[in-house]
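What follows is each chain in one-letter form.
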Amino acid sequence: MGTMAQPVILTIDDDPAVSRAVARDIRRRYGDRYRVVRADSGSGGLDALREIKLRGERVAVLLADYRMPEMNGIQFLEAAMDLFPAARRVLLTAYADTDAAIDAINVVDLDHYLLKPWHPPEEKLYPVVDTLLEAWAASPDQASDEIRVVGHRWSAPSFAVRDFLARNLVPYRWLLTDDPEGGRLLAAAGADATDVPLVVTPDGKALVAPTEAELAAVAGLTVAPAADFYDLVVVGGGPAGLGAAVYGASEGLRTVLVERRATGGQAGQSSRIENYLGFPDGVSGAQLTDRARRQALKFGAELLSTREVVGLESAGAARLLHFGDGSTIAAHTVVLATGVSYRVLDAPGLADLTGLGVFYGAASTEAPSCVDQDVWIVGGANSAGQAAVHFSRYASRVHLLIRGADLTASMSSYLIQQLERNDRIVVHPHTEVVGGAGDGHLERLRLRDTRSGDVREVDASWLFIFIGAEPRTEWLDGVLARDERGFIVAGPDLTAGGRKPPGWTLARDPYHLESSLPGVFAAGDVRASSVKRVASAVGEGAMAVSLVHRYLEAQ
Ligand SMILES: Cc1cc2nc3c(=O)[nH]c(=O)nc-3n(C[C@H](O)[C@H](O)[C@H](O)COP(=O)(O)OP(=O)(O)OC[C@H]3O[C@@H](n4cnc5c(N)ncnc54)[C@H](O)[C@@H]3O)c2cc1C
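Per an unreviewed UniProt entry, the protein chain carries the name Thioredoxin reductase (NADPH) and comes from Micromonospora matsumotoense.

Below, the structure written as structure tokens:
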């Protein structure tokens, strides 16, 4: 982000000669510290102020002529107050209009009125403006050089925007529509509360309900490949894909990584990974992702965000990948590292409340909103345990709902111990969620005792679901071998029983991570019988690249 822009002094006069003269005098004394903006009508002045607001800049002083057609100076200052309440206000008046100016002191909380002409400025203008600038500096408007998101507290599209920015590690400021600054930004963008989420960029562009691709562009993420042919295309930006990109690019392969949402994958959602080698104090998924991204970029890999791969085919020796928008990208080799996605909890009422109190995964952007409230988490694996620990720092109580009798079969013992030591976390064994309800956001959950079948209802505003995951590989149907659950079968698993996989024409057997389509490898959670761990995903990404080299050498 750039350096903070200079605050603005805005002058308005409909008489061009007077307008120039005021601006000239102001600029002469303040031009090195303030940006002097000139307008020749009230509406022109308001347009300029709206633009300044969207850019996140500050306005220190407004100097408006009283007598102007259409909108007089008082009306202008009144409207300007809605956008920049902290700006100091001066009315320029002719002697005959002093009564109006005095009235304006009450109407628009005028700081000063100046009689025209103001010469010499050293005596009549500068002392006034000096005092006002001093007063303004003591309580300036808030400046902002970051992305601002205006939205509703309970709104799935607003949540999606924040989640996307957070996952891509893009800093932003979150403002509610009924927050005064949120209202000012909506007004400046000519939008209203039904147009949210409104995203305002640091350079003042306002986007109403942007798509993820638009957001990616705003956040400076790359969305289009620079070339149309690569040595290696990596599909998926989780640990396995990032690992493959780092090793591929560092070993001189022209490498592009394609990610449908945000890099980091499941690991990016983890609040604290404690068992990854080299991080004795744990590392958050966001930190690990940020470092891996930078490492991949440093070695020259291209990283594309918000691009979903929907098809794969062979074109002679090349492998062709199709994007959702119909475009394609080709390469000698492919590493499929598409991981797994959360399984959906199929209970009545929950689908409609997804993003409105019901979330899949940790949704860590929401944690600060759960302060002093009860949080409900479904799942008995490590991911649910980590989330329980994380949310317990904010929530008054965290309820962990599990179907089994205890956690020993599904969670690491270090996490079980952390849960036991934490008196804000309550584990509810033999419990499943059978329904949810609420008007506009989650308000109640129906819980069933799996032993007795009894159903009870509890008040609940926050439900986070971690009930396992499945690969989303339907787009590979008929292209390469997958097991009955959709995981990609690779390497020795393909030749179990001593036979070559169907369609395999090469004399050699598939390499270790190679799929049934030569030159296409699988790494990480998406591979059948893989270990579902960050370290093994990264390791398989690295290993896939060494097999890519072997494949290319044999070509
Ligand atoms: C909350 C949580 C906590 C965890 N904690 C730990 C832990 O402490 N220790 C540990 O070792 N493991 C942990 N895990 C497991 C670990 O995160 C995973 O094993 C690891 O992320 C798998 O990496 P991956 O690259 O194979 O797949 P993923 O991380 O699933 O990444 C796959 C990526 O591919 C993208 N993608 C999918 N399909 C497409 C497509 N068609 N086109 C483009 N992109 C696509 C996805 O958007 C995703 O970003 C945790 C998991 C979760 C969910």
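J.: Any chance you could break down the overall build of the protein chain for me, citing the residues and the numbers?
T.: Check the secondary structure of the protein chain and you find 14 helices and 26 strands. Once the C-alpha set of the protein chain is aligned to its principal axes, its extents read approximately 105 × 60 × 40 Å. Here the protein chain holds 555 residues, and the buried ones make up 51% of them. At a minimum sequence separation of 6, the contacts of the protein chain that also span at least 24 residues come to 64%.

J.: Tell me about the site of the ligand, and name the residues and values.
T.: Lining the immediate environment of the ligand, one finds 33 residues, of which Glu259, Gln266, Asn275, Gln386 and Asp525 sit closest. Arg260 is positioned such that a nitrogen or oxygen atom in its backbone is 3.1 Å from a nitrogen atom of the ligand. The backbone of Val534 places a nitrogen or oxygen atom 2.9 Å from an oxygen atom of the ligand. Protein burial of the ligand: of its 1,000 Å² of free accessible surface, 95% is covered by the chains.

J.: Just give me the short version of the nonpolar core, but keep the residues and values in it.
T.: Core analysis: the biggest nonpolar cluster contains 37 residues, and Leu10, Leu49, Val59, Leu62, Phe76, Leu77 and Leu91 have the highest contact counts within it. Elements supplying a minimum of two residues to this core: strand E1 (8-12), strand E2 (35-39), helix H2 (42-54), strand E3 (59-65), helix H3 (73-83), helix H4 (98-107), helix H8 (180-188) and strand E8 (198-200). Not counting residues within four places of it along the chain, the set of residues in contact with Leu49 comprises Leu10, Val59, Leu62, Phe76, Ala80, Leu83 and Phe84. By size, the runner-up hydrophobic cluster in this structure holds 26 residues, among which are Ala244, Ala245, Leu303 and Val335.

J.: I'd like a description of the sheet that holds strand E24 (residues 463-465), backed by residues and values.
T.: In spatial order, the strands read E17-E24-E18-E19-E20; together these 5 strands make up an open sheet with parallel pairing. Looking along the sheet, the strands with just one partner apiece sit at the ends: strand E17 (358-360) and strand E20 (425-428). Pairs of neighbouring strands in the sheet enclose a mean axial angle of 20°, with direction left out of account. Pairing analysis gives 3 bridges linking E17 to E24, with the strands arranged parallel. Looking at E24, one finds that Val358 is bridged to Leu463.

J.: A description of the domain arrangement of the protein chain should follow, citing residues and the corresponding values.
T.: Each domain of the protein chain was delimited in the assignment, giving domain 1 (8-138), domain 2 (147-219), domain 3 (229-341 + 470-554) and domain 4 (351-359 + 369-387 + 397-463). Using only C-alpha atoms to locate each centre, domain 2 and domain 4 end up separated by 30 Å. Each partner contributes residues to the interface: domain 2 has 5 residues there, and domain 4 has 10 residues. Three residues, Arg153, Trp154 and Phe159, lead the burial of domain 2 against domain 4; their summed loss comes to 80% of the area buried on that side. Taken together, the connections running from domain 2 to domain 4 amount to 1 residue pair in polar contact (both at pLDDT 80 or more). Each residue belonging to the side of domain 2 that touches domain 4 can be placed in one class, and the counts come to 3 nonpolar, 1 polar and 1 charged.

J.: Go over unusual backbone geometry, please, and point to the residues and values.
T.: In this structure, the amide linkage connecting Lys116 to the following residue, Pro117, adopts the cis form with an omega of -10°. With an omega of -5°, the peptide bond between His119 and Pro120 qualifies as cis. By the element assignment, Pro120 lies in the loop between strand E5 (112-115) and helix H5 (121-124). Residue Glu70 is not a glycine yet carries a positive backbone phi of 70°. Given a relative accessible area of 79%, Glu70 falls into the exposed group.

J.: Explain empty space enclosed by the protein to me, and be specific about the residues and the numbers.
T.: Going through the model one piece at a time under the given rule, you end up with 2 cavities of 30 Å³ or more. Lining of the largest cavity is provided by Lys53, Gly56, Glu57, Phe84, Gln142, Ala143, Ser144, Arg148, Arg173 and Glu181. Residues belonging to the lining of the largest cavity are distributed by class as follows: 2 nonpolar, 3 polar and 5 charged. Mapping the lining of the largest cavity onto the domain boundaries places at least three of its residues in each of domain 1 (8-138) and domain 2 (147-219).

Scoring rules and cut-offs
Residues numbered from 1 in each chain as written. Predicted model: local features only at pLDDT ≥ 70, side-chain atom pairs only at ≥ 80, totals over all residues. Heavy atoms only, no water. Helix = DSSP H or I, 4+ residues; strand = E, 2+ residues; numbered from the N terminus. Buried < 20%, exposed > 50% of the residue type's maximum accessible area, 1.4 Å probe, protein only. Contact = heavy atoms within 4.5 Å. Near = heavy atom within 4 Å. Polar contact = N/O pair within 3.5 Å; in protein donor to acceptor, adjacent residues only side chain to side chain. Areas by Shrake-Rupley, 256 points an atom, 1.4 Å probe, with all protein chains shown as cover. Core = buried A, V, L, I, M, F, W, Y, C linked by side-chain atoms within 4.5 Å. Pairing = 2+ DSSP bridges. Axes fitted to C-alpha atoms, helices over the stretch in contact; angles between N-to-C directions. Domains from an automatic or database assignment. Buried area = accessible area lost by both parts, 1.4 Å probe. Nonpolar A, V, L, I, M, F, W, Y, C, P; charged D, E, K, R; others polar. 1 Å grid on protein atoms, 1.4 Å probe; cavity = no way out; pocket = protein on both sides within 12 Å on 5 of 7 lines; lining within 4 Å. Points joined across faces, edges and corners; volume = space filled by probe spheres on them.

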